[in-house]
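Descriptive structure summary
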Amino acid sequence: MTVRIAIGDACFASESDETVLDCLSRNGVSVPHACKSGVCHSCLMQVTDGEVPDAAQKGLKPTYKKQNLFLACQCKPEKDITVRLPDGAGLDTRALIVGKDMLNHNVMRLELRGEGSFACEPGQYITLINGDGLARSYSIANDPTKDGRIELHIRLLNDGQMSTFLKDRAAIGAFLTIRGPAGNCFYVREEGDAYPIVLAGTGTGLAPLYGITKQALASGHKGEVQLFHGALKDVDLYLVTQLQALAQEHPNFRYVPCVLKGDAGQFYQPGNIEEIVMAAMPAEKTRTRMFLCGAPEMVNALKRKAFLSGLASKHIFVDAFLPSQAAAAHPAP
Ligand SMILES: Cc1cc2nc3c(=O)[nH]c(=O)nc-3n(C[C@H](O)[C@H](O)[C@H](O)COP(=O)(O)OP(=O)(O)OC[C@H]3O[C@@H](n4cnc5c(N)ncnc54)[C@H](O)[C@@H]3O)c2cc1C
Ligand code: FES
(Lines give C-alpha, C1' and ligand atoms only; values in the text may rest on other atoms or scores of the structure.)
(Ligands and ions follow the chains in the order given, each with its own letter.)
Protein backbone atom coordinates (compact mmCIF):
# COMPACT_ATOMS: atom_id res chain seq x y z
CA MET A 1 0.00 0.00 0.00
CA THR A 2 1.33 3.44 -0.91
CA VAL A 3 0.69 6.45 1.33
CA ARG A 4 1.91 10.02 1.22
CA ILE A 5 4.27 11.29 3.89
CA ALA A 6 4.43 15.07 4.12
CA ILE A 7 7.24 16.93 5.90
CA GLY A 8 7.75 20.70 5.68
CA ASP A 9 7.05 21.73 2.09
CA ALA A 10 7.80 18.28 0.69
CA CYS A 11 5.63 15.21 0.21
CA PHE A 12 6.80 11.70 -0.69
CA ALA A 13 5.02 8.51 -1.72
CA SER A 14 6.09 5.56 0.39
CA GLU A 15 6.88 2.26 -1.27
CA SER A 16 5.04 -0.86 -0.21
CA ASP A 17 5.82 -1.88 3.40
CA GLU A 18 8.27 1.00 3.80
CA THR A 19 8.85 2.76 7.12
CA VAL A 20 8.71 6.54 7.49
CA LEU A 21 12.45 6.49 8.23
CA ASP A 22 13.31 4.59 5.04
CA CYS A 23 10.95 6.65 2.88
CA LEU A 24 12.38 9.96 4.13
CA SER A 25 16.00 8.75 3.94
CA ARG A 26 15.45 7.40 0.39
CA ASN A 27 14.29 10.88 -0.56
CA GLY A 28 17.27 12.62 1.00
CA VAL A 29 15.62 13.83 4.23
CA SER A 30 18.05 13.26 7.09
CA VAL A 31 16.49 11.70 10.20
CA PRO A 32 18.79 10.65 13.08
CA HIS A 33 18.66 6.88 13.58
CA ALA A 34 20.81 3.99 14.79
CA CYS A 35 19.32 0.59 15.66
CA LYS A 36 16.28 0.56 13.32
CA SER A 37 14.78 -1.90 15.83
CA GLY A 38 12.70 0.36 18.07
CA VAL A 39 15.31 0.35 20.86
CA CYS A 40 17.42 3.51 20.79
CA HIS A 41 14.67 6.14 20.26
CA SER A 42 17.03 8.26 18.15
CA CYS A 43 14.50 8.32 15.27
CA LEU A 44 11.70 10.01 17.26
CA MET A 45 9.42 12.13 15.08
CA GLN A 46 6.12 13.90 15.66
CA VAL A 47 2.94 13.37 13.66
CA THR A 48 1.10 16.68 13.17
CA ASP A 49 -1.70 15.38 10.97
CA GLY A 50 -2.95 11.82 10.66
CA GLU A 51 -2.37 8.70 12.74
CA VAL A 52 0.47 6.29 13.29
CA PRO A 53 0.04 2.56 14.03
CA ASP A 54 0.39 1.42 17.68
CA ALA A 55 3.62 -0.41 16.80
CA ALA A 56 5.26 2.94 16.09
CA GLN A 57 4.72 4.04 19.71
CA LYS A 58 5.55 0.74 21.42
CA GLY A 59 7.74 1.27 24.49
CA LEU A 60 7.41 5.08 24.47
CA LYS A 61 6.63 6.96 27.67
CA PRO A 62 2.97 8.07 27.99
CA THR A 63 4.13 11.70 27.87
CA TYR A 64 5.79 11.04 24.49
CA LYS A 65 2.64 9.38 23.14
CA LYS A 66 0.58 12.35 24.30
CA GLN A 67 2.82 14.64 22.24
CA ASN A 68 2.17 12.40 19.17
CA LEU A 69 5.78 11.28 19.08
CA PHE A 70 6.56 8.02 17.31
CA LEU A 71 9.51 5.92 16.15
CA ALA A 72 10.09 6.52 12.45
CA CYS A 73 11.92 3.19 12.05
CA GLN A 74 8.87 1.27 13.29
CA CYS A 75 6.20 3.29 11.52
CA LYS A 76 4.47 1.96 8.41
CA PRO A 77 1.53 4.37 8.13
CA GLU A 78 -1.77 3.07 6.80
CA LYS A 79 -3.01 6.51 5.67
CA ASP A 80 -1.40 9.78 4.55
CA ILE A 81 0.38 11.59 7.36
CA THR A 82 2.23 14.83 8.02
CA VAL A 83 5.28 14.61 10.24
CA ARG A 84 8.12 16.73 11.54
CA LEU A 85 11.31 16.34 13.53
CA PRO A 86 10.63 17.24 17.18
CA ASP A 87 12.37 20.39 18.39
CA GLY A 88 14.01 18.46 21.23
CA ALA A 89 12.33 20.43 24.03
CA GLY A 90 11.45 17.99 26.81
CA LEU A 91 13.15 15.16 24.89
CA ASP A 92 16.81 16.04 24.84
CA THR A 93 19.30 17.48 27.30
CA ARG A 94 22.66 19.07 26.66
CA ALA A 95 25.60 17.42 28.37
CA LEU A 96 29.13 18.73 28.85
CA ILE A 97 32.06 16.39 28.21
CA VAL A 98 34.00 16.44 31.48
CA GLY A 99 36.33 13.45 31.11
CA LYS A 100 37.89 11.02 28.65
CA ASP A 101 40.31 8.24 29.49
CA MET A 102 41.20 4.77 28.25
CA LEU A 103 40.07 1.77 30.33
CA ASN A 104 42.01 -0.68 28.11
CA HIS A 105 43.44 -0.66 24.58
CA ASN A 106 40.06 -0.11 22.91
CA VAL A 107 37.53 0.98 25.54
CA MET A 108 37.27 4.68 26.35
CA ARG A 109 35.51 6.06 29.40
CA LEU A 110 33.50 9.16 28.54
CA GLU A 111 32.24 11.31 31.38
CA LEU A 112 29.43 13.77 30.85
CA ARG A 113 27.59 16.24 33.06
CA GLY A 114 23.99 16.86 32.07
CA GLU A 115 22.54 20.36 32.22
CA GLY A 116 19.93 20.40 34.98
CA SER A 117 18.83 17.29 36.84
CA PHE A 118 19.13 13.93 35.13
CA ALA A 119 17.03 11.11 36.60
CA CYS A 120 18.10 7.61 35.62
CA GLU A 121 19.08 4.22 36.98
CA PRO A 122 22.57 2.70 36.56
CA GLY A 123 22.22 0.16 33.72
CA GLN A 124 19.78 2.19 31.63
CA TYR A 125 21.05 3.67 28.38
CA ILE A 126 21.06 7.08 26.78
CA THR A 127 21.37 8.04 23.15
CA LEU A 128 24.14 10.49 22.28
CA ILE A 129 23.48 12.79 19.33
CA ASN A 130 26.33 14.86 17.90
CA GLY A 131 26.15 18.10 15.94
CA ASP A 132 25.89 16.18 12.63
CA GLY A 133 22.77 14.36 13.85
CA LEU A 134 24.68 11.08 14.31
CA ALA A 135 23.02 9.07 17.10
CA ARG A 136 24.18 6.02 19.09
CA SER A 137 23.10 4.48 22.39
CA TYR A 138 25.41 3.89 25.36
CA SER A 139 24.75 2.32 28.75
CA ILE A 140 25.17 4.17 32.03
CA ALA A 141 27.92 2.64 34.18
CA ASN A 142 27.41 4.68 37.37
CA ASP A 143 24.73 6.37 39.44
CA PRO A 144 24.53 9.93 38.03
CA THR A 145 22.07 11.00 40.72
CA LYS A 146 25.01 11.04 43.19
CA ASP A 147 27.23 13.74 41.64
CA GLY A 148 25.63 14.55 38.27
CA ARG A 149 28.39 12.72 36.38
CA ILE A 150 27.35 10.22 33.69
CA GLU A 151 29.92 7.50 32.99
CA LEU A 152 29.87 5.66 29.65
CA HIS A 153 32.21 2.98 28.29
CA ILE A 154 32.75 3.35 24.55
CA ARG A 155 34.21 0.52 22.50
CA LEU A 156 36.39 2.14 19.83
CA LEU A 157 35.77 0.65 16.39
CA ASN A 158 38.28 1.41 13.63
CA ASP A 159 35.56 2.43 11.19
CA GLY A 160 32.98 3.37 13.81
CA GLN A 161 31.41 6.74 13.11
CA MET A 162 30.40 7.70 16.66
CA SER A 163 33.26 6.02 18.48
CA THR A 164 35.80 7.73 16.18
CA PHE A 165 34.01 11.05 16.63
CA LEU A 166 34.07 10.66 20.42
CA LYS A 167 37.75 9.66 20.44
CA ASP A 168 39.11 12.22 17.97
CA ARG A 169 36.75 15.17 17.75
CA ALA A 170 34.68 15.40 20.95
CA ALA A 171 36.84 17.52 23.25
CA ILE A 172 36.52 18.01 26.98
CA GLY A 173 34.45 21.17 27.42
CA ALA A 174 32.30 20.52 24.33
CA PHE A 175 28.59 19.73 24.48
CA LEU A 176 26.68 16.69 23.18
CA THR A 177 22.95 16.13 23.07
CA ILE A 178 21.61 13.24 25.12
CA ARG A 179 18.22 11.58 24.77
CA GLY A 180 16.75 9.22 27.32
CA PRO A 181 17.30 7.39 29.59
CA ALA A 182 15.54 4.25 28.42
CA GLY A 183 15.66 0.52 29.14
CA ASN A 184 14.67 -1.68 32.05
CA CYS A 185 17.97 -3.38 32.80
CA PHE A 186 18.50 -2.01 36.32
CA TYR A 187 18.44 -3.09 39.96
CA VAL A 188 15.20 -2.74 41.86
CA ARG A 189 15.31 -3.27 45.59
CA GLU A 190 12.63 -5.77 46.47
CA GLU A 191 11.12 -7.03 49.71
CA GLY A 192 13.24 -9.94 51.09
CA ASP A 193 16.19 -9.06 48.83
CA ALA A 194 18.17 -12.23 49.48
CA TYR A 195 17.69 -13.65 46.00
CA PRO A 196 20.73 -14.48 43.83
CA ILE A 197 21.74 -12.15 41.01
CA VAL A 198 23.72 -13.29 37.97
CA LEU A 199 25.15 -10.65 35.61
CA ALA A 200 26.91 -11.58 32.38
CA GLY A 201 28.25 -9.51 29.53
CA THR A 202 30.97 -9.32 26.92
CA GLY A 203 33.08 -6.28 25.98
CA THR A 204 31.47 -2.97 26.95
CA GLY A 205 28.46 -5.01 28.08
CA LEU A 206 30.30 -4.54 31.38
CA ALA A 207 29.19 -0.88 31.52
CA PRO A 208 25.56 -1.44 32.59
CA LEU A 209 26.52 -4.52 34.64
CA TYR A 210 29.13 -2.50 36.59
CA GLY A 211 26.48 0.13 37.34
CA ILE A 212 23.89 -2.46 38.38
CA THR A 213 26.38 -4.40 40.54
CA LYS A 214 27.52 -1.32 42.42
CA GLN A 215 23.92 -0.20 42.89
CA ALA A 216 22.85 -3.60 44.28
CA LEU A 217 25.82 -3.78 46.66
CA ALA A 218 25.42 -0.15 47.77
CA SER A 219 21.72 -0.86 48.43
CA GLY A 220 22.77 -3.68 50.78
CA HIS A 221 21.54 -6.54 48.59
CA LYS A 222 21.82 -9.67 50.74
CA GLY A 223 21.80 -12.46 48.14
CA GLU A 224 24.80 -13.69 46.17
CA VAL A 225 25.81 -11.39 43.29
CA GLN A 226 27.92 -13.00 40.54
CA LEU A 227 29.36 -10.91 37.70
CA PHE A 228 30.80 -12.65 34.63
CA HIS A 229 32.73 -10.48 32.17
CA GLY A 230 33.70 -12.15 28.91
CA ALA A 231 36.56 -11.14 26.62
CA LEU A 232 38.42 -12.68 23.71
CA LYS A 233 41.87 -12.08 25.24
CA ASP A 234 42.94 -10.98 28.72
CA VAL A 235 43.94 -7.52 27.43
CA ASP A 236 40.30 -6.99 26.44
CA LEU A 237 39.16 -7.13 30.09
CA TYR A 238 38.94 -3.86 32.01
CA LEU A 239 38.14 -2.55 35.51
CA VAL A 240 39.71 -5.77 36.80
CA THR A 241 41.37 -4.16 39.84
CA GLN A 242 38.24 -2.22 40.77
CA LEU A 243 36.06 -5.34 40.54
CA GLN A 244 38.53 -7.44 42.50
CA ALA A 245 38.52 -4.74 45.21
CA LEU A 246 34.71 -4.74 45.23
CA ALA A 247 34.76 -8.52 45.73
CA GLN A 248 37.15 -8.08 48.71
CA GLU A 249 34.77 -5.55 50.23
CA HIS A 250 31.57 -7.56 49.74
CA PRO A 251 31.68 -11.25 50.69
CA ASN A 252 28.43 -11.87 48.75
CA PHE A 253 29.96 -10.57 45.49
CA ARG A 254 31.86 -12.84 43.08
CA TYR A 255 33.67 -11.41 40.05
CA VAL A 256 34.53 -13.89 37.31
CA PRO A 257 36.52 -12.59 34.34
CA CYS A 258 36.26 -15.08 31.45
CA VAL A 259 38.74 -15.21 28.57
CA LEU A 260 37.86 -17.23 25.49
CA LYS A 261 41.46 -17.53 24.29
CA GLY A 262 42.94 -17.75 27.78
CA ASP A 263 45.27 -20.13 29.61
CA ALA A 264 44.67 -22.15 32.75
CA GLY A 265 46.10 -20.91 36.06
CA GLN A 266 45.48 -17.19 35.50
CA PHE A 267 43.34 -14.66 37.41
CA TYR A 268 40.50 -15.34 34.95
CA GLN A 269 38.64 -18.46 33.87
CA PRO A 270 39.59 -19.61 30.37
CA GLY A 271 36.74 -20.66 28.08
CA ASN A 272 33.37 -19.69 26.74
CA ILE A 273 31.41 -17.29 28.97
CA GLU A 274 28.11 -19.06 28.24
CA GLU A 275 29.44 -22.39 29.54
CA ILE A 276 31.11 -20.75 32.56
CA VAL A 277 27.89 -18.92 33.52
CA MET A 278 25.64 -21.95 33.08
CA ALA A 279 27.98 -24.10 35.21
CA ALA A 280 27.75 -21.53 38.03
CA MET A 281 23.99 -20.93 38.00
CA PRO A 282 22.52 -20.72 41.53
CA ALA A 283 20.44 -23.68 42.73
CA GLU A 284 17.41 -21.49 43.55
CA LYS A 285 16.56 -20.81 39.91
CA THR A 286 13.03 -19.53 40.42
CA ARG A 287 14.28 -16.66 42.61
CA THR A 288 17.37 -15.77 40.56
CA ARG A 289 17.45 -12.45 38.71
CA MET A 290 19.66 -12.31 35.64
CA PHE A 291 21.08 -9.33 33.72
CA LEU A 292 22.60 -9.87 30.27
CA CYS A 293 24.26 -7.10 28.26
CA GLY A 294 26.48 -6.76 25.22
CA ALA A 295 26.82 -8.72 21.99
CA PRO A 296 23.31 -9.71 20.80
CA GLU A 297 24.33 -13.32 19.97
CA MET A 298 25.69 -13.93 23.48
CA VAL A 299 22.77 -12.16 25.17
CA ASN A 300 20.15 -14.12 23.22
CA ALA A 301 21.92 -17.47 23.61
CA LEU A 302 22.35 -17.09 27.39
CA LYS A 303 18.81 -15.84 27.80
CA ARG A 304 17.49 -18.99 26.11
CA LYS A 305 19.78 -21.31 28.10
CA ALA A 306 18.90 -19.64 31.41
CA PHE A 307 15.17 -19.85 30.67
CA LEU A 308 15.45 -23.54 29.71
CA SER A 309 17.37 -24.18 32.94
CA GLY A 310 14.45 -22.87 35.01
CA LEU A 311 14.75 -19.07 35.34
CA ALA A 312 11.50 -17.13 34.95
CA SER A 313 11.57 -15.00 31.78
CA LYS A 314 10.27 -12.03 33.83
CA HIS A 315 13.46 -12.27 35.91
CA ILE A 316 15.81 -12.08 32.91
CA PHE A 317 16.68 -8.50 31.94
CA VAL A 318 18.58 -7.95 28.71
CA ASP A 319 20.23 -5.15 26.78
CA ALA A 320 21.49 -6.37 23.43
CA PHE A 321 23.95 -3.84 21.99
CA LEU A 322 22.41 -3.82 18.53
CA PRO A 323 24.77 -2.36 15.93
CA SER A 324 23.64 0.60 13.87
CA GLN A 325 21.80 -0.07 10.63
CA ALA A 326 22.01 2.06 7.52
CA ALA A 327 18.81 3.74 6.43
CA ALA A 328 17.52 3.29 2.89
CA ALA A 329 19.97 4.46 0.26
CA HIS A 330 19.42 7.90 -1.22
CA PRO A 331 18.43 7.95 -4.88
CA ALA A 332 21.27 8.58 -7.30
CA PRO A 333 21.52 12.30 -8.17
C1 LIG B 1 20.70 -0.33 24.04
C2 LIG B 1 22.13 -0.19 23.54
C3 LIG B 1 23.15 0.06 24.45
C4 LIG B 1 24.48 0.15 23.99
N5 LIG B 1 25.45 0.39 24.91
C6 LIG B 1 26.74 0.47 24.49
C7 LIG B 1 27.81 0.73 25.44
O8 LIG B 1 27.59 0.90 26.65
N9 LIG B 1 29.08 0.76 24.95
C10 LIG B 1 29.39 0.59 23.61
O11 LIG B 1 30.57 0.64 23.23
N12 LIG B 1 28.38 0.36 22.71
C13 LIG B 1 27.09 0.32 23.11
N14 LIG B 1 26.09 0.10 22.19
C15 LIG B 1 26.46 0.07 20.77
C16 LIG B 1 26.58 1.52 20.25
O17 LIG B 1 25.30 2.12 20.24
C18 LIG B 1 27.13 1.60 18.82
O19 LIG B 1 26.42 0.74 17.98
C20 LIG B 1 28.58 1.28 18.75
O21 LIG B 1 29.32 2.16 19.59
C22 LIG B 1 29.14 1.44 17.33
O23 LIG B 1 28.88 2.75 16.90
P24 LIG B 1 29.88 3.49 15.90
O25 LIG B 1 29.14 4.67 15.35
O26 LIG B 1 31.19 3.71 16.53
O27 LIG B 1 30.08 2.42 14.75
P28 LIG B 1 29.20 2.32 13.41
O29 LIG B 1 29.62 3.40 12.48
O30 LIG B 1 27.77 2.24 13.80
O31 LIG B 1 29.66 0.93 12.89
C32 LIG B 1 30.89 0.77 12.16
C33 LIG B 1 30.99 -0.65 11.67
O34 LIG B 1 31.15 -1.54 12.76
C35 LIG B 1 30.10 -2.50 12.77
N36 LIG B 1 29.77 -2.74 14.19
C37 LIG B 1 29.00 -1.94 14.96
N38 LIG B 1 28.94 -2.46 16.21
C39 LIG B 1 29.68 -3.58 16.18
C40 LIG B 1 30.00 -4.57 17.12
N41 LIG B 1 29.54 -4.52 18.35
N42 LIG B 1 30.81 -5.59 16.75
C43 LIG B 1 31.29 -5.66 15.51
N44 LIG B 1 31.02 -4.77 14.56
C45 LIG B 1 30.23 -3.75 14.88
C46 LIG B 1 28.97 -1.87 11.98
O47 LIG B 1 28.11 -2.85 11.43
C48 LIG B 1 29.72 -1.09 10.94
O49 LIG B 1 30.12 -1.93 9.88
C50 LIG B 1 24.77 -0.01 22.62
C51 LIG B 1 23.74 -0.23 21.71
C52 LIG B 1 22.42 -0.32 22.15
C53 LIG B 1 21.32 -0.58 21.16
S1 FES C 1 14.48 3.26 17.59
FE2 FES C 1 14.46 3.85 15.52
S3 FES C 1 16.51 3.86 14.94
FE4 FES C 1 16.57 3.09 16.98
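Whatever comes next refers back to the structure up there.
Residues numbered from 1 in each chain as written. Chains lettered and ligands numbered in written order. Predicted model: local features only at pLDDT ≥ 70, side-chain atom pairs only at ≥ 80, totals over all residues. Heavy atoms only, no water.

Some words on the pattern of salt bridges
- In total, this model carries 18 salt bridges according to the counting rule given.
- The salt bridge partner of aspartate 132 is arginine 169, with a shortest N-O separation of 3.5 Å. Taken as a pair, aspartate 132 in the loop between strand E8 (125-129) and strand E9 (135-139) and arginine 169 in helix H4 (residues 161-169) lie far apart in primary sequence, 37 residues in all. Grouping residues by exposure puts aspartate 132 and arginine 169 together as exposed.
- A salt bridge links glutamate 190 to arginine 289, with the shortest nitrogen-to-oxygen separation between them at 2.6 Å. Separated by 99 residues along the polypeptide, glutamate 190 in the loop between strand E11 (175-182) and strand E12 (197-202) and arginine 289 in strand E16 (residues 289-294) bring together distant segments of the chain.
- Residue classification places glutamate 190 among the partly exposed residues on the basis of a relative accessible area of 31%. (Salt bridge = Lys/Arg side-chain N within 4 Å of Asp/Glu carboxyl O. Helix = DSSP H or I, 4+ residues; strand = E, 2+ residues; numbered from the N terminus. Buried < 20%, exposed > 50% of the residue type's maximum accessible area, 1.4 Å probe, protein only.)

Focus on the sheet that holds strand E10 (residues 149-155)
- With respect to topology, six strands assemble into an open sheet ordered E9-E8-E11-E6-E7-E10, the strand pairing being antiparallel. The sheet terminates laterally at E9 and E10, the two strands that pair on one side only. For this sheet, the mean inter-axis angle between neighbouring strands, taken without regard to orientation, is 40°.
- Packed onto the sheet, H4 meets strand E6 (92-102), strand E7 (107-114), E8, E9, E10 and E11 and runs at close to 75° relative to E9. (Pairing = 2+ DSSP bridges. Axes fitted to C-alpha atoms, helices over the stretch in contact; angles between N-to-C directions. Contact = heavy atoms within 4.5 Å.)

Structural notes on helix H8 (residues 296-308)
- Across its 13 residues, H8 extends 18 Å between first and last C-alpha, which sits within 8% of the 18 Å expected from 1.5 Å per residue.
- Listed as buried for H8 are Pro296, Met298, Val299, Ala301, Leu302 and Ala306.
- Looking at the packing, one finds that the buried side of H8 touches E12, helix H7 (273-279), E16 and strand E17 (316-320).
- Directly after H8, the chain includes glycine 310, whose backbone phi takes a positive value near 125°. (Expected span 1.5 Å × (residues − 1).)

Digging into the site of ligand 1
- In the region of ligand 1, 21 residues are neighbours, and Arg136, Ser137, Met162, Ser163 and Ser324 sit closest.
- Here an oxygen atom of ligand 1 and a backbone polar atom of arginine 155 are 2.8 Å apart.
- Between ligand 1 and glutamine 161 there is a distance of 2.9 Å, counted from an oxygen atom to a backbone nitrogen or oxygen.
- Burial of ligand 1 by the protein amounts to 78% of the accessible area it has alone, namely 940 Å².
- Those elements giving two or more residues to the shell around ligand 1 turn out to be E9, E10 and H4.
- Among the elements that take part in the shell around ligand 1, E9 stands out by supplying four residues, more than any other. (Near = heavy atom within 4 Å. Polar contact = N/O pair within 3.5 Å; in protein donor to acceptor, adjacent residues only side chain to side chain. Areas by Shrake-Rupley, 256 points an atom, 1.4 Å probe, with all protein chains shown as cover.)

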